[in-house]
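Coordinates in review
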Amino acid sequence: MSTDDTTDTTTDASTDTETKCGAASTPDGEAAASEDSSSKCGGSASSTSSSGSSSGCGASSTDEEEEVGATVDDFDADPGQLVAVGLGPGQPEGMTARAREALLDAEHIVGYTTYVELLPEGVREDAEELYDTPMCGEVSRTEEAIDRALAGNHVAIIGSGDPNVYALAGLALEILESKGATASMVEFDVVPGVPAAQSCGARLGAPLVNDTVSISLSDHLTDMPTIESRLHAAAKEGFTISIYNPWSRKRRANFEKCCEILEEHRADDTPVGIVHGAGREDERVEIVELGDLEELGETDLVDMTTTIIVGNEETYVWDDRMVTPRGYESKYDY
Ligand SMILES: C[S@@+](CC[C@H](N)C(=O)[O-])C[C@H]1O[C@@H](n2cnc3c(N)ncnc32)[C@H](O)[C@@H]1O
């Protein structure tokens, strides 16, 4: 799935590969002119907030791929540090103490604009530099964070939930490797956060206490036939399913196909929990039946800040909570 594609506002191929931290960039790494073409790394320690230009995710007319620019040999400074930090669902109190500490320790914080805006006060003010990109551009944003670290800065790259769940931790390691750097060189670390499935599960009661599979409906990085085949397997095998990136205008057909597959394997009255914006100001929580799910795709309850949890064959609703039995009832009397 796309790593950070919480919007469906897709445009042309990425153009935000602009800053290379003072290192010489190869022409391949450069794209079209951007809003701020100055280097952010190794520069002054003024408290600034800068934005990269927007980039597309999944709707590129040219299918142009972002390519990494500077390699490790282009940096003269002793490397700094790079930490991937998960913010959790959104509100400051949903962030772990360790994540907050990691953000306060960082000199530069790099992330998608929405997540930079979600940073608690204190963290924003404390950072020497904030660098955000408004949408997508995951590769160039991650490279930006890496280049800043290779240039000697202590950098945090942030995302919602957990950095290991459809997020940038893996991409950071891949790009470090492609630059001829190592993870140890920048003391690469991952600070976990509460993933959306878990924060949404908590709003719904206890739907996730047995074997669960997460599936993203974003076909930006995984093709739709593969997504469909994974949905079939998970639904057929009786897993509870957490569905990420469920609906966008461009992915309406993916959502419809998903509902069709689920209905093929599960009863119409299977409980389905829908959580929009967990932990955010616009949070909404509803428990519906699988047979009603598809039509909800056309409402503002289901969009790219929604996670859907589809119960397994044993999940039931009790007192407005989803309950998935763990299996204790088959061994104990209560
Ligand atoms: C690119 S994935 C990032 C997942 C994130 N790393 C995590 O651990 O939750 C984005 C998707 O996560 C889900 N999501 C993220 N934040 C959410 C929230 N506050 N409430 C509900 N779903 C959320 C949505 O399905 C969204 O489309």
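All values derive from a computational prediction rather than experimental measurement.

Right, let's talk about the site of the ligand for a bit. Among the 26 residues in the neighbourhood of the ligand, the closest are listed as Asp162, Val165, Ala196, Met304 and Thr306. In the model, an oxygen atom of the ligand is placed 2.7 Å from a nitrogen or oxygen of the Met304 main chain. At 2.7 Å from an oxygen atom of the ligand is found a main-chain nitrogen or oxygen belonging to Thr306. Protein chains bury 99% of the 570 Å² of accessible surface belonging to the ligand in isolation. Elements that contribute at least two residues to the shell around the ligand include exactly helix H6 (196-204) and strand E12 (306-310).

A few words on the nonpolar core. Counting residues in hydrophobic clusters, the biggest one holds 25 residues, and the most contacted among them are Leu262, Ile274, Leu293 and Ile308. Only helix H7 (224-236), strand E9 (240-244), helix H8 (252-265), strand E10 (271-276), helix H9 (293-296) and E12 provide two or more residues apiece to this core. Setting aside residues no more than four positions away along its own chain, Leu293 makes contact with Phe255, Cys259, Leu262, Val272, Ile274 and Ile308.

On average, residues of the chain score 84 in pLDDT, and 80% of them reach the 70 mark or higher. Counting interchain partners and residues more than four positions distant, the pLDDT-below-50 stretch residues 1-47 has 145 contacts. Note on residues 58-64: pLDDT under 50 across the span, and 11 contacts to partners over four residues away in sequence or across chains.

With that settled, consider the pattern of salt bridges. What the rule picks out here adds up to 12 salt bridges. A salt bridge links Asp189 to Arg98; the shortest N-O distance between them is 3.5 Å. With Asp189 in strand E6 (residues 189-191) and Arg98 in helix H1 (residues 97-105), this residue pair connects regions lying 91 residues apart in the sequence. Assessed through its relative accessible area of 35%, Asp189 is described here as partly exposed. Judged by relative accessible area, Arg98 falls into the partly exposed class, the value being 44%. With a closest N to O distance of 3.1 Å, Glu129 and Arg148 form a salt bridge. Of this pair, Glu129 sits in strand E4 (residues 129-133) while Arg148 sits in helix H4 (residues 138-150), and the two are 19 residues apart along the sequence. Taking relative accessible area as the criterion, Glu129 reaches 5% and is therefore assigned buried. Judged by relative accessible area, Arg148 falls into the buried class, the value being 0%. Each of Glu129, Glu144 and Arg148 takes part in salt bridges that share partners, so that together they form one network.

The periodicity of an α-helix, 3.6 residues per turn, causes residues three or four positions apart to be oriented the same way. Buried within H6 are the following residues: Ala197, Ser199, Cys200, Gly201 and Leu204. Residues of H6 that are buried sit in contact with strand E7 (205-206), E9, E10, strand E11 (284-289), E12 and strand E14 (321-323).

Across the 5 residues of E4, 5 count as buried, placing the element largely inside the fold. Pairing of strand E3 (residues 108-112) with E4, which is carried by 5 bridges, proceeds in the parallel orientation. Residue Val110 lies in a different strand from E4, and its bridge partner there is Tyr131.

By the criterion of burial, strand E2 (residues 81-86) is predominantly enclosed, with 5 of the 6 residues buried. As paired elements, E2 and strand E5 (residues 154-159) share 6 bridges and run parallel to each other. By the bridge assignment, Ala84 is partnered in E5 with Ile157. In this structure, E2 lies alongside E6, joined through 3 bridges in parallel fashion. What sits directly across from Val85, in E6, is Val191.

Calculation rules
- Residues numbered from 1 in each chain as written.
- Predicted model: local features only at pLDDT ≥ 70, side-chain atom pairs only at ≥ 80, totals over all residues.
- Heavy atoms only, no water.
- Near = heavy atom within 4 Å.
- Polar contact = N/O pair within 3.5 Å; in protein donor to acceptor, adjacent residues only side chain to side chain.
- Areas by Shrake-Rupley, 256 points an atom, 1.4 Å probe, with all protein chains shown as cover.
- Helix = DSSP H or I, 4+ residues; strand = E, 2+ residues; numbered from the N terminus.
- Core = buried A, V, L, I, M, F, W, Y, C linked by side-chain atoms within 4.5 Å.
- Buried < 20%, exposed > 50% of the residue type's maximum accessible area, 1.4 Å probe, protein only.
- Contact = heavy atoms within 4.5 Å.
- pLDDT = per-residue confidence, 0-100.
- Salt bridge = Lys/Arg side-chain N within 4 Å of Asp/Glu carboxyl O.
- Pairing = 2+ DSSP bridges.

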